[in-house]
Each structure stands twice: as structure tokens, then as C-alpha cells.
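Listed below are the residues making up each chain.
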Amino acid sequence: MLLQLFDKISLSVRTKTTCTISSFEKISNKVSSMITSNQETSSTLKTTKGNNGIRSLQTALVAAACAGSAFVVESFCYPFDTVKVRIQATKDQFLPYFKTVKHLYQTEGPKTFFKGYSGLIPCTFVAYFGWFFAYEKCNLLQMNFLNSRNLSPDDRKRVVGFAPLISGIAAEIVSMSIYVPFTIPKVRMQVDNPKYHYKNIVDGLIKVYRTEGKSTFTKTFELYSLVNITYSGVAMLIYENFRNMILEKKKKNALDIKETLTVTFFTSLCCHVFMNPAEVIITRYIITAKQAQKVSPMKIAKELIKKEGVLGFYKGLPGRIIWGAANSFVYMPTFEYFRTHYGVKLE
């Protein structure tokens, strides 16, 4: 009996031990699985963060290259822009562009062409950087969103065709928040009105705020919003779709320099002809000083038509075309090169 009892106890211990070992193995396997899963998740998160960091650096590279090239060209073209502003601000007569250049040079000297130049850094380099960075980021967000949807090739192509419009509008809002405040003293310094004696762009910014308050900034921002946001969105819509049409037709992945300049010139010409009338109104609105609260853009437009006719809306157009074409011929090819190698593919 003792032997039988011992055998039963021994069997019971072995069974419980086996169960315990089996349970321990199951727990051990679960723990190992959890650790492996956590390691994989951690690795994925690190990879995602790393990829996001690399993508942000690439986007910053594209934006910096475009902003730098735009700043160089804007510096070269600044005298053309000053003459354009002077002509747009003149209400009495329609001044021929190149005669105005000669007149200003003879009467005021070469320095007059660079009045307000200190505003070029915030109005150009910083603003362009913000524009291209926001444009690329917005494109990336849209492509990531489309990748998460099961769209047919035709539907995706149609949706992608409108992506530049959305990105262009978003980019212009970011850019405007940078350049609009500095544009007011810059334009006033270019016009060289005796009412405004600003030492530099920062001094002008402070004086505008102290003497006129926030209203001048907000109303100017509203005017630019109506015009530039539309302009920016339409410009990139034309550029990207014209570009894609050429690439599909020639079955290429990138435009050569001749094709880039063709697309850029066509886009620039269309947009600057559209933009000039609005810019004339904005320029005159900016130089109305403290009376800006009493003057509406509609009133300026009606007065312009009555006294100067429709041609008054196109004052300074040659300067805008020269400035715009030179700008686009440099920073758009720069953008084309960097976005091909480091930018977001709209496809």
C-alpha cells in the first residue's frame, strides 16, 4: 500500500510539475512575443521618425535653394520693381516705362532705384522659403492621404491634378503672413512720398503700427488675400498641369531647361497680366496713409477707370513682366531641379 500511495503522490507531483512547466513555457512565449512586438514597433516608430526627419530636411533644402535663387534675382530686378511701383502710384498721366527709368536716373540718381531695399530679406528670402516649404509639405500630406484611399488610376489622376491648387493656396497664406507687414513700408519707401521718412524697413514697420494701428496691416492683408491666394493657386495649377502634360507626352520623368523655361514663361505671362490691375489698386491703397480707413479698393478702382481709363490698370506692366520673368526663369528651374531629386512626386 505504501508503494501504491507513493506512486500516486509521485504521479501527481510529476503531472503538476509538467503543467507548471507547460504554463511557464506559454507565459515565457507570450512575454517573448510581446518583447519582440514592442521592439518591432519601436523600430518602426524610429524608422518613421527618421524618414520624416529626412523628408523635412529635403523639403527645407528645396525651399532654401528656391528662396536663395529668388533673392539673388529680386536684388538684380529691384530697380525694375521700383520703377513699376512709381508708375502705378502716379495718377495724373500714363508714363512710358523706359522714359520713366531715364527720368528717375537723371533727376534722382541711381540710389533712388534701391529705396526700400532692406525689405527684400523678409519680403523675398524668408517669404519664399515659407512658400516653397509649405507647398512641398502640403503636397506630401495630400499624396499620403491619397495613398490611404483605394482610388482607380483615372480618379487618382483627376484628384492629383488639383493638388497644386490646394498647395499653392496654402503656401501663399503662409508666405503672406511673412511678407505683407513688410511690404507696406517697402512700397512707401519706393514711392518716396514726403509723408514717409523711414530710416529702414524695421523703422517703417514700427511707425506704421504706432501711427495707423493694426487696421492698415489687416486691410492690406485682406486685399492680398483676395488677389495673391487666387494668383498663387492658379499659377501652380497651370504650371504643374502643363508640366505633367509635357512629361506624359514625351514619356519623361523631368523637364529639361528649355521645357522648364517654356512652361515658366507661359505661366508667368498669364498670371502677371491677370495680377497687374489688382496690384495697381493695392499700391494706391498702401500709399493713402492714415486716410486708408476712408478709402475702399472699389472706390480706387472706380476713380481709376474714370480718370485714367482701362489702360490705367496696366501701368507698370513691362516692369512686372521683366521682374516676374527674370524671377521665374531662375527660381522655377531651381525648383524643378531640386523637386525632381528631393521633392514630392505628384502622381
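Above this note sits the structure.
Only a predicted model underlies this, so the values are computations on that prediction, with no experimental measurement involved.

Asks: Quick question: what am I supposed to make of the overall build of the protein here?
Replies: Summing up its helical and strand segments, the protein has 9 helices and 0 strands in all. Each helix (α) and strand (β) of the protein, taken in turn from the N terminus, gives the series α-α-α-α-α-α-α-α-α. The buried share among the 347 residues of the protein stands at 44%. Nonlocal contacts in the protein, meaning residues at least 24 apart in sequence, comprise 80% of its contacts between residues at least 6 apart. Split by element, the accessible area of the protein, about 19,600 Å² in all, is 66% carbon and sulfur.

Asks: Can you walk me through the packing of aromatic side chains in this structure?
Replies: Centre-to-centre distance and the angle between the planes together describe a pair of aromatic rings. Taken as a whole and assessed by the stated rule, the structure comprises 10 aromatic pairs. Aromatic side chains Tyr 78 and Tyr 117 sit 5.6 Å apart centroid to centroid with 85° between the ring planes, which places their arrangement in the edge-to-face category. In this pair, Tyr 78 is assigned in helix α1 (residues 2-89) and Tyr 117 in the loop between α2 (97-108) and α3 (120-147), connecting sequence segments 39 residues apart. In this structure Tyr 78 comes out as buried when scored by relative accessible area, which is 1%. A ring pair is formed by Tyr 128 and Phe 132, whose centres lie 6.5 Å apart and whose planes are at 25°; its orientation type is stacked. Here Tyr 128 and its partner Phe 132 are both found in helix α3, 4 residues apart, which amounts to about one turn of the helix. Both residues of the pair, Tyr 128 and Phe 132, count as buried. Grouping aromatic residues by their ring pairs yields a cluster made of Tyr 128, Trp 131, Phe 132 and Tyr 135.

Asks: Where do I start with the packing of helix α4 (residues 153-191) against helix α6 (residues 214-250) in this structure?
Replies: For any two helices packed against each other, the geometry comes down to the angle between their axes and how far apart the axes lie. Running from amino to carboxyl end, α4 crosses α6 at an angle of 145°, the nearest separation of the two axes being 6 Å. As α4 packs across α6, the resulting crossing turns out to be right-handed. Of the residues contributing to the contact of α4 with α6, the split by class is 17 nonpolar, 11 polar and 5 charged.

Asks: What should I look at first to understand the side chain of Thr 220 in this one?
Replies: As for its placement among the helices and strands, Thr 220 is situated in helix α6. Classification of Thr 220 by relative accessible area gives buried; the value is 0%. Aside from chain neighbours lying at most four places away, what touches Thr 220 is Val 180, Ile 184, Tyr 285 and Ile 286.

Asks: Help me out: how do you make sense of the nonpolar core in this one?
Replies: Within soluble globular proteins, side chains that are nonpolar generally end up buried alongside one another. Residues Met 176, Tyr 179, Val 187, Val 191, Tyr 224, Ile 282 and Ile 286 are the most contacted members of the largest nonpolar core, which totals 36 residues. Within the residue set of this core, elements represented by two or more residues are α1, α3, α4, α5 (201-212), α6, α7 (257-286) and α8 (297-308). For this core, the element with the highest residue contribution is α7, accounting for 8 residues. The contact partners of Ile 286, leaving out residues within four places of it in the chain, are Thr 183, Ile 184, Val 187, Arg 188, Thr 220 and Tyr 224. Ranked by size, the runner-up nonpolar core spans 30 residues in total, among them Ala 63, Val 160, Tyr 239 and Phe 335.

Asks: Sorry, what's going on with the packing of α4 against α5 here?
Replies: Where α4 meets α5, the closest approach of the two axes is 9 Å, and the angle between their N-to-C directions is 105°. The angle between α4 and α5 places the two elements in the roughly perpendicular class. Where α4 approaches α5, its residues Pro 181, Phe 182, Ile 184, Pro 185, Lys 186, Arg 188 and Met 189 are matched on the opposing element by Ile 201, Gly 204, Leu 205, Val 208 and Glu 212. In terms of residue class, the contact of α4 with α5 is built from 8 nonpolar, 1 polar and 3 charged.

Asks: Hey, could you run me through unusual backbone geometry in this one?
Replies: Backbone geometry follows two general trends: most residues other than glycine have a negative phi, and most peptide bonds adopt the trans configuration. In the Ramachandran plot, Lys 251 falls in the positive-phi region, its phi being about 55° despite a non-glycine side chain. Here Lys 251 shows up in the loop between α6 and α7.

Asks: Where do I start with the pattern of salt bridges in this structure?
Replies: Side-chain pairing between opposite charges can occur once the charged atoms of the two side chains come close. Summed over the entire model, instances satisfying the criterion amount to 15 salt bridges. Across the pair Arg 86 and Glu 108 runs a salt bridge whose closest N-O atoms are separated by 2.9 Å. Taken together, the residues span a long stretch of sequence, with Arg 86 in helix α1 and Glu 108 in helix α2 at a distance of 22 residues. The class of Arg 86 is buried, set by a relative accessible area of 12%. Taking the shortest distance from any N to any O, the salt bridge between Lys 315 and Glu 308 comes out at 2.6 Å.

Asks: Please explain the side chain of Gln 88 as it appears in this structure.
Replies: Checked against the element boundaries, Gln 88 lands in helix α1. At 3.3 Å, the side chain of Gln 88 and the side chain of Glu 279 are in polar contact. Within the structure, Gln 88 has its side chain in polar contact with the side chain of Thr 283 (distance 3.1 Å). Among all residues touching Gln 88, those that are not within four sequence positions of it are Asn 276, Glu 279, Val 280, Thr 283, Arg 284 and Lys 315.

Asks: How do you make sense of a nonpolar patch on the surface when you look at a structure like this?
Replies: A contiguous nonpolar patch, built from Phe 265, Leu 269, Val 273, Phe 329 and Val 330 and spanning about 370 Å² of accessible area, is present on the exposed surface. Those elements that provide at least two residues to the nonpolar patch are α7 and α9 (317-342). The leading source of residues in the nonpolar patch is α7, at 3 residues. A relative accessible area of 37% means that Leu 269 is categorised as partly exposed.

Criteria and thresholds
Residues numbered from 1 in each chain as written. Predicted model: local features only at pLDDT ≥ 70, side-chain atom pairs only at ≥ 80, totals over all residues. Heavy atoms only, no water. Helix = DSSP H or I, 4+ residues; strand = E, 2+ residues; numbered from the N terminus. Buried < 20%, exposed > 50% of the residue type's maximum accessible area, 1.4 Å probe, protein only. Contact = heavy atoms within 4.5 Å. Areas by Shrake-Rupley, 256 points an atom, 1.4 Å probe, with all protein chains shown as cover. Phe/Tyr/Trp six-rings, centres within 6.5 Å; stacked < 30°, edge-to-face > 60°. Axes fitted to C-alpha atoms, helices over the stretch in contact; angles between N-to-C directions. Left-handed = near helix turned anticlockwise from the far one by under 90°. Nonpolar A, V, L, I, M, F, W, Y, C, P; charged D, E, K, R; others polar. Core = buried A, V, L, I, M, F, W, Y, C linked by side-chain atoms within 4.5 Å. Parallel < 35°, antiparallel > 145°, perpendicular 65-115°, else oblique. Salt bridge = Lys/Arg side-chain N within 4 Å of Asp/Glu carboxyl O. Polar contact = N/O pair within 3.5 Å; in protein donor to acceptor, adjacent residues only side chain to side chain. Patch = residues over 30% accessible without salt bridge, like charges linked within 9 Å, V, L, I, M, F, W, Y side chains within 5 Å.

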